[in-house]
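# What the coordinates show
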Amino acid sequence: MKLLAAAVAAALLAACAQPSPQPLASPGTAPAPQAAQARESDIDALMQRMTLQEKIGQLRLRSVDAGPDARKEVLLDEIRTGQVGAIFNTVTRPDIRVLQDAAMQSRLKIPLFFAYDVIHGHRTVFPIGLGLASSWDMDAIARSGRVSAIEANADGLNLTFSPMVDISRDPRWGRNSEGYGEDTYLTSRIGATLVKAYQGDDPSAPGTIMASVKHFAMYGAIEGARDYNTVDMSPQRMYQDYLPPYKAAIDAGAAGVMVALNAVNGVPATADKWLLQDLLRKQWGFKGITISDHGAILELLRHGVAADGRDAARLAIQAGTDLSMNDKVYGTDLEPLVKSGEVAIADIDRAVRDVLRVKYDLGLFRDAYRHVGRAADDPADNDAENRLHRADARDVARRSLVLLKNSASTLPLRKQGTIAVIGPLARSQRDVMGNWSAAGKARQAVSVYQGLAEATAGRATLRYAKGANVIDDARIVTYLNEFEKDVEVDSRTPRAMIDEAVQAARASDVVVAVVGESQGMAHEASSRTDIVIPDSQRALLRALKATGKPLVIVLMNGRPLALEWEDANADAMLETWYAGTEGGHAIADVLFGDYNPSGKLPMTFPRVVGQVPLYYNHLNTGRPFDPARPNKYTSRYFDHENGPLYPFGYGLSYTTFDLSGVTLSTAQLARGGKLTASVTVRNSGQRDGETVVQLYVQDPVASISRPVKELKGFSKIFLKAGESRVVSFEIGDAQMGFYDGQGRFNVEPGRFNVYLGLDSRDANVASFVLR
């Protein structure tokens, strides 16, 4: 990690060559009183000079269309006349400078800020959200955020629509790939970590970008995991499970909040005054900007709460939606609404102040070009290799890989003999990056085949065969390829491709099958009714299994998959998600044992799709199912084995770890007190390695039914072979309490169970009593 930190530190120093002004707090938090007073005074003076049209202009977040388009001149005219407040989807300094030049030609010369979807990297692509979460490594996740901020700001960008902290417990949802899984505590830790990594201590400093946490709120709980669908939820579950990650990101200083596309209990979030004002601003004290999702204000018509665009604009601005992302209704309808008295000027002024405050804290009023720099300093090649942070990407990626199965120590592989590398994703540079890959270039990504080839150069022979198309359903291929070439289709027959693959397998010592989903299959608007590997690839796997050669499955996917057959038939299986620019090298590092895998699952893997939603921290019922004593009249499925295939927090290593029993510092705890729970962890294997010790707490008897266990802490530790260490966690009110339906946090006396283990299923337990 020292070399990794040094590499990024050097890049940060290079990015921060110019001196930084006096630090200001991020807009999501309160700055120092003197700085805040100066800021608000300056904004007051500016707003007194602004016309109503210029104020409304600040509330419009406009996209720059890709490709040659005559409408770009229309956009420039809008900027020059003060009709645009911010821009997204422009990612090069010359293009940004042209747009900022237009803003400097406007009457008041109010600068633009520039936003982009920097979700898991910018030019260097890191693992997708589920991959980052699988690392359970806050230092590695922070490193990915810092590199992302450095690279994005070097391109003149000011704000990212990240982190995405939507809790999701249904793997059918395509946007699972962007988030951090099913658990409230883990997601909260990651969200706060990324906000701080993006923003640093001073959002105006070079090498930083502002964070806009999304999607507020509860987008991951959409019914049926069908994208854009509705959410219906009790207040208690909302406060307890879904809201805390947003709150954690805001407490960490997030400058912005992107408003969700879904309705919450019948009210679309974009028009939900309780959500955006009562909760977000009054209860949580948020001072930053709220941003609609793309086109969401006009979509209020389709939700059935607005009669027309004018009605939609009124509802959104009165609810507290500051910036309108790519909707025209603020520009066309807010002025007549104010003049008719239907919208108060105070609603406009409140939103404008939020936008100007962001620009002020970015330092743009001091220097509109401070983040884009001089044209003379622009990179000669935006995609130059020296702009990437490969060492960081490789290190973070290999920390994200999860070893799911390893029978008879099939892995690590030896760098000798002949290895068959087979599968439609084995040579894909585009898919290894995953979706929302920002300014990353597929030609710069390392495929799995390339990683294996470089690792074995001169020592082993690789045999490659595609073996199958990702999917053979022409209708689905057409859908996935509607906006970009997501799936490449081989014109050969499935039989011909499988025969070629079987021939390669028979001539090899071991088979590495790289299978799963194309990146577009686990994306926005890519919800699935089933979560198995597509039939074309399953047929390939069956044929490879029939050869009798050891079968190693390397998964590439953006959601938990149902892998019963694969688990039963593979000799080893490695979950790699979409591992990013250096994915192929990272995967090779793990397959050959140059790195001992340490990743743990952030989502439960079901056996079959019919089990979902399936998550570890469920409530008991009056008739809970007990696999040790199966009974007919219990909460179960009768037609399939119950329980997950792989539980939350699960992941193997090339070594083994033993845990002692749980030791508590006291068996009796007074209200407001704290105790320490400890366990001794021993590396009982032959290799050095890391593991994640996980703390779960259960409140078995309470005023409302509580989960069977909840993650309340974790610690990732490195142990040499034979080494032991005591790992301790502090338990207090924060770990014992829960929220009720009014959002009140309660801590009730009684017995508590404390679990310490290496996943959510297998853990040692001790108990104490809270008086």
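Residues numbered from 1 in each chain as written. Predicted model: local features only at pLDDT ≥ 70, side-chain atom pairs only at ≥ 80, totals over all residues. Heavy atoms only, no water.

### A look at the packing of aromatic side chains
Where we set the bar: The pairing test for Phe, Tyr and Trp rings, Trp by its six-membered ring, is centres within 6.5 Å, and the orientation test on the planes gives stacked under 30 degrees, edge-to-face over 60, and tilted for anything in between. Counting from the N terminus, the helices are the DSSP runs of H or I reaching at least four residues and the strands are the DSSP runs of E reaching at least two. For each residue, the accessible area found with a 1.4 Å probe, counting protein chains only, is set against the maximum for its type, and the residue is called buried under 20%, exposed over 50%, and partly exposed in between. We count a charge as sitting over a ring when the NZ of a lysine or the CZ of an arginine lies within 6 Å of the ring centre and within 35 degrees of the ring normal.
On inspection of all chains with the given rule, the structure shows 17 aromatic pairs. Relative to Tyr-246, the ring of Phe-216 lies with its centre 5.3 Å away and its plane at 85 degrees, an arrangement referred to as edge-to-face. Residue Phe-216 is found in strand 5 (residues 210-216), and its partner Tyr-246 is found in helix 10 (residues 244-251); the two are separated by 30 residues along the sequence. Ring geometry for Tyr-616 against Phe-648: centres 4.6 Å apart, planes inclined by 10 degrees, an arrangement best described as stacked. You can see Tyr-616 sitting in the loop between helix 23 (583-591) and strand 17 (657-659) and its partner Phe-648 sitting in the loop between helix 23 and strand 17, a full 32 residues away along the chain. For the residue pair Tyr-616 and Phe-648, the accessibility class agrees, reading buried in each case. Among the aromatic residues, ring-to-ring pairing joins Trp-136, Tyr-185, Tyr-616, Phe-648, Tyr-696 and Phe-714 into one connected group. Positioned above the aromatic ring of Tyr-615, the side-chain terminus of Arg-169 is 4.4 Å from the ring centre. Directly above the aromatic system of Tyr-464 lies the positively charged group of Arg-427, at a separation of 4.2 Å from the ring centroid.

### Quick look at the side chain of Ser-536
Threshold: Note on contacts: a residue pair qualifies if any of its non-hydrogen atoms lie within 4.5 Å across the two residues.
Tracing the chain through its elements places Ser-536 in helix 21 (residues 535-546). Of the residues examined, Ser-536 reaches a relative accessible area of 9% and is grouped as buried. Those residues in contact with Ser-536, other than ones at most four positions away along the chain, are Ala-468, Asn-469, Val-470, Ile-471 and Asp-472.

### Comments concerning the UniProt feature "domain: Fibronectin type III-like" (unreviewed entry) in the chain
The condition that has to hold: UniProt positions are given in the numbering used here, feature names are shortened, and annotations may be inferred rather than shown by experiment.
Those places that UniProt annotates as "domain: Fibronectin type III-like" (unreviewed entry) correspond, in this numbering, to residues 691-760. End-to-end, the C-alpha atoms of residues 691-760 are 14 Å apart, and along that stretch the chain is 6% helix and 54% strand.

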